[in-house]
Amino acid sequence: MDDQLALRIQLFREGGQIKPEVADFVAAELAALEAEGRTVTEATAGMLTSHLMMALTRLLDGEAIEQFLTDDQVAAELAGHPEAVARAREVAERARRDLGAALPESEVNFLGMHLAVLAQQTPAAPSS
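Note that this is a predicted model, so its numbers are computed, not measured. (Residues numbered from 1 in each chain as written. Predicted model: local features only at pLDDT ≥ 70, side-chain atom pairs only at ≥ 80, totals over all residues. Heavy atoms only, no water.)

Asker: Could you give an account of the overall build of the chain, with specific residues and numbers?
Answerer: Counting its regular elements, the chain contains 6 helices and 0 strands. Ordered by position from the N terminus, the helices and strands of the chain form the series α-α-α-α-α-α. In terms of overall dimensions, the chain is globule-like: its C-alpha atoms have a radius of gyration of 14 Å, near the 14 Å expected for 128 residues. Here the chain holds 128 residues, and the buried ones make up 40% of them. Once local pairs closer than 6 in sequence are excluded, the contacts in the chain between residues at least 24 apart make up 79%. (Helix = DSSP H or I, 4+ residues; strand = E, 2+ residues; numbered from the N terminus. Rg over C-alpha atoms; globule rule 2.2 N^0.38 Å. Buried < 20%, exposed > 50% of the residue type's maximum accessible area, 1.4 Å probe, protein only. Contact = heavy atoms within 4.5 Å.)

Okay, structure coming up:
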């Protein structure tokens, strides 16, 4: 994770906009993506970071997360990115288990979109 992305998380944390456990959870998810070879920077993962931190905080605060009118469109776009959808579901399951925050399907879809974009921005590993 680059310094700018770490600063984003720090600012959210210090500003009281998110719960500390959410910041820790998101930072761990970003570290896991980076360990898998993803390019995790402010440019590639900034929106993913903010979106996930805010959604999880809203859920933990008991706020409803509405379904979006674009859910069908997002799901259709994700059809070509099954690995991003699978990863989004894994993250959602860990959030439910570790934080007690059950992401609705629309949030899982948006998380999948962020992960698909991140995958596209990560250079392919050279073939041996």
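Asker: For the packing of helix α3 (residues 42–60) against helix α6 (residues 105–120), give the residues involved together with the corresponding values.
Answerer: At their nearest, the axes of α3 and α6 sit 9 Å apart, and the two run at 160° to each other. Judged by the inter-axis angle, α3 sits roughly antiparallel to α6. With respect to the hand of their crossing, α3 and α6 are arranged in left-handed fashion. The segment α3 lies against α6, with Thr44, Ala45, Met47, Leu48, His51, Leu52, Ala55 and Arg58 engaging Glu107, Phe110, Leu111, His114, Leu115 and Leu118. Taken together, the residues that form the contact of α3 with α6 break down as 9 nonpolar, 3 polar and 2 charged. (Axes fitted to C-alpha atoms, helices over the stretch in contact; angles between N-to-C directions. Parallel < 35°, antiparallel > 145°, perpendicular 65-115°, else oblique. Left-handed = near helix turned anticlockwise from the far one by under 90°. Nonpolar A, V, L, I, M, F, W, Y, C, P; charged D, E, K, R; others polar.)

Asker: Tell me about the pattern of salt bridges, and please be specific about residues and values.
Answerer: Counted under the stated rule, the structure contains 9 salt bridges. For Glu36, the salt bridge is made with Arg87, and the minimal N-O distance between the two is 2.6 Å. Of the two residues, Glu36 sits in the loop between α2 (20–35) and α3 while Arg87 sits in helix α5 (residues 82–99), which places them 51 residues apart along the sequence. Relative accessible area serves as the criterion here: at 49%, Glu36 is assigned to the partly exposed category. When the shortest N-O distance is used, the salt bridge between Arg96 and Glu93 registers 2.4 Å. With Arg96 and Glu93 both in helix α5 and 3 residues apart, this pair spans about one turn of that helix. (Salt bridge = Lys/Arg side-chain N within 4 Å of Asp/Glu carboxyl O.)

Asker: Now, about the side chain of Thr49: what can you tell me, with residues and values included?
Answerer: Here Thr49 lies in helix α3. Residues contacting Thr49, with those up to four places away along its chain left out, are Leu5, Arg8, Ile9, Val26 and Leu30.

Asker: Account for the confidence of the model for the chain, naming residues and giving values.
Answerer: Looking at the chain, the pLDDT average stands at 88 and 91% of residues meet or exceed 70. Per-element confidence in the chain ranges from a low mean pLDDT of 73 for helix α4 (residues 71–78) to a high of 96 for α2. (pLDDT = per-residue confidence, 0-100.)

Asker: Which residues make up α2, and what values do they have?
Answerer: Between its first and last C-alpha, α2 extends 22 Å over 16 residues, near the 22 Å set by a 1.5 Å rise per residue. Taken together, the buried positions of α2 are Val22, Ala23, Phe25, Val26, Glu29, Leu30 and Leu33. Axial view of α2: buried residues confined to an arc of 165°, hence all on one face. Tucked inside the fold, the buried residues of α2 contact α1 (3–14), α3, α5 and α6. (Expected span 1.5 Å × (residues − 1). Arc of directions from axis to C-beta.)

Asker: Describe the environment of Ala76, naming the residues involved and giving the relevant values.
Answerer: Topologically, Ala76 is positioned in helix α4. For the pair Ala76 and Pro104, spaced 28 residues apart in the sequence, the C-alpha separation amounts to 17 Å.

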